[in-house]
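Reading the structure
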Amino acid sequence: MNPFFEFVSHNWWLVFPLSGLAGGWARSWSRASERRHRRRVELYRLKNHAAEAEQASHAEVLRLQKAHDAVNQRWLEYELDIGKLIDFPVMSDVREPLTVAFLRAKREADGLRPADPGEITTAARLAEYRAAVRSFELAFDVAEREAKRIKDSNFSVPERQRLETARKLLRIASDSAATSAERQIAYKRARRELDGLIVLPEATIAALEEKIAGMLNAPKAPDFHQS
């Protein structure tokens, strides 16, 4: 007889405890497999959650940069348009607390702006930039509303007359129908009228002079009425 079967026939009573051991081992293996499965599922979920959070943060940084750009563009409309600065001089008056506040908020937002959205990798850094952009938006809105409310009312009657004269002269300086001499004279007179009233930002002066220079250097249209 086969030794194995002979052993079993003489020790049949061992079947019951061995069966119990086998069943316990099977249950333990099943529970371990289940735990491993749950860990894999949880790890997969966490990885997906982290990837989604990263994508959401990246998208929010882009939205914040777009909002940041929009406020900067509104500010540049004053910086590059001398007519708007004459109409709303508070926007360039650094003696005005509201103007100082929005310029300070702008510097802070510009300083926190990432060169690349991927540079912001923590929730704290994102919150810091978000708060700076919103502060810039709010400070600019408040300053602009105040500038449009008071306009040039901070100036005396003679000063307002000088501002109006400067407006007219600047229109001549930007008029392509005027001669080169007329435009140059009008520009110089406008600068004198504004002297002591409004401190023009360098960007404003550069934009205006570039515009006038471009008009002065533009080729004249041929005169077809000459014989």
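Residues numbered from 1 in each chain as written. Predicted model: local features only at pLDDT ≥ 70, side-chain atom pairs only at ≥ 80, totals over all residues. Heavy atoms only, no water.

Moving on, we come to the overall build of the protein. Looking only at helices and strands, the protein has 8 helices and 0 strands in total. In the protein, which comprises 227 residues, the share counted as buried stands at 28%. Long-range contacts, defined as pairs at least 24 residues apart, comprise 71% of the intrachain contacts of the protein with a sequence gap of at least 6. Total accessible area on the protein is roughly 15600 Å²; 58% of this is exposed by carbon and sulfur atoms. (Helix = DSSP H or I, 4+ residues; strand = E, 2+ residues; numbered from the N terminus. Buried < 20%, exposed > 50% of the residue type's maximum accessible area, 1.4 Å probe, protein only. Contact = heavy atoms within 4.5 Å. Areas by Shrake-Rupley, 256 points an atom, 1.4 Å probe, with all protein chains shown as cover.)

Next up on the list: helix α4 (residues 97–112). Relative to the 22 Å expected for 16 residues at 1.5 Å per residue, α4 spans 23 Å between its end C-alpha atoms, a close match to the ideal helical length. For α4, every residue scored as buried is listed here: T99, F102, A105, K106, A109 and L112. Considered in projection along α4, the buried side chains sweep an arc of 160 degrees and stay on one side of the axis. Facing away from the buried surface of α4 by more than 90 degrees, the exposed residues are P97, R107 and G111. (Expected span 1.5 Å × (residues − 1). Arc of directions from axis to C-beta.)

By size, the foremost hydrophobic cluster in this structure holds 42 residues, and its most contacted members are I86, M91, F102, L194 and I198. Secondary-structure elements contributing two or more residues to this core are α2 (15–79), α3 (82–87), α4, α5 (123–150), α6 (157–173), α7 (180–194) and α8 (202–217). Broken down by element, the residue count for this core peaks at 10 residues, all from α5. With near-sequence residues (within four places) excluded, L194 lies in contact with I82, I86, R162, L163, A166 and L200. (Core = buried A, V, L, I, M, F, W, Y, C linked by side-chain atoms within 4.5 Å.)

Let us look at the side chain of E144. By secondary structure assignment, the location of E144 is in helix α5. On the accessibility criterion, E144 (12% relative accessible area) is buried.

What follows deals with the pattern of salt bridges. Overall, the coordinates contain 13 salt bridges when judged by the stated rule. Put simply, R113 and D69 hold a salt bridge, and the shortest N to O gap is 2.8 Å. With R113 in the loop between α4 and α5 and D69 in helix α2, this residue pair connects regions lying 44 residues apart in the sequence. Classification of R113 by relative accessible area gives partly exposed; the value is 28%. Relative accessible area serves as the criterion here: at 40%, D69 is assigned to the partly exposed category. Here R74 and D141 are joined by a salt bridge, their closest N and O atoms 2.8 Å apart. Taken together, the residues span a long stretch of sequence, with R74 in helix α2 and D141 in helix α5 at a distance of 67 residues. (Salt bridge = Lys/Arg side-chain N within 4 Å of Asp/Glu carboxyl O.)

What follows is about the packing of aromatic side chains. Counted according to the given criterion, the structure contains 3 aromatic pairs. Look at F102 and F140: their rings are 5.2 Å apart centre to centre, the planes differ by 80 degrees, and that puts the pair in the edge-to-face class. Residue F102 is found in helix α4, and its partner F140 is found in helix α5; the two are separated by 38 residues along the sequence. Relative accessible area serves as the criterion here: at 0%, F102 is assigned to the buried category. Every member of this aromatic cluster is reached through a ring pair, and the members are Y78, F88, F102 and F140. (Phe/Tyr/Trp six-rings, centres within 6.5 Å; stacked < 30°, edge-to-face > 60°.)

Quick look at the packing of α6 against α7 now. Running from N to C, α6 and α7 point in directions that differ by 155 degrees, and their axes come no closer than 8 Å. When the axis of α6 is compared with that of α7, the two are roughly antiparallel. The two elements α6 and α7 cross, and the hand of that crossing is left-handed. Here R162, L163, T165, A166, L169, L170, I172 and A173 of α6 lie close against α7, whose contacting residues are E182, R183, A186, Y187, R189, A190, R192, E193 and L194. Looking at the contact of α6 with α7, its residues break down into 10 nonpolar, 1 polar and 6 charged. (Axes fitted to C-alpha atoms, helices over the stretch in contact; angles between N-to-C directions. Parallel < 35°, antiparallel > 145°, perpendicular 65-115°, else oblique. Left-handed = near helix turned anticlockwise from the far one by under 90°. Nonpolar A, V, L, I, M, F, W, Y, C, P; charged D, E, K, R; others polar.)

Attention now goes to unusual backbone geometry. A negative phi holds for most residues other than glycine; trans holds for most peptide bonds. If you check the backbone angles, K151 has positive phi at about 50 degrees while not being a glycine. Inspection of the secondary structure assignment puts K151 in the loop between α5 and α6.

We now examine the confidence of the model for the protein. Chain-level pLDDT for the protein is 81 on average; 72% of the residues reach the 70-or-more range. The lowest-confidence element of the protein is helix α1 (residues 3–10), averaging 58 in pLDDT; the highest-confidence one is α4, averaging 96. Across residues 221–227, confidence stays below pLDDT 50; counting only partners more than four residues off in sequence or on other chains, it has 0 contacts. (pLDDT = per-residue confidence, 0-100.)

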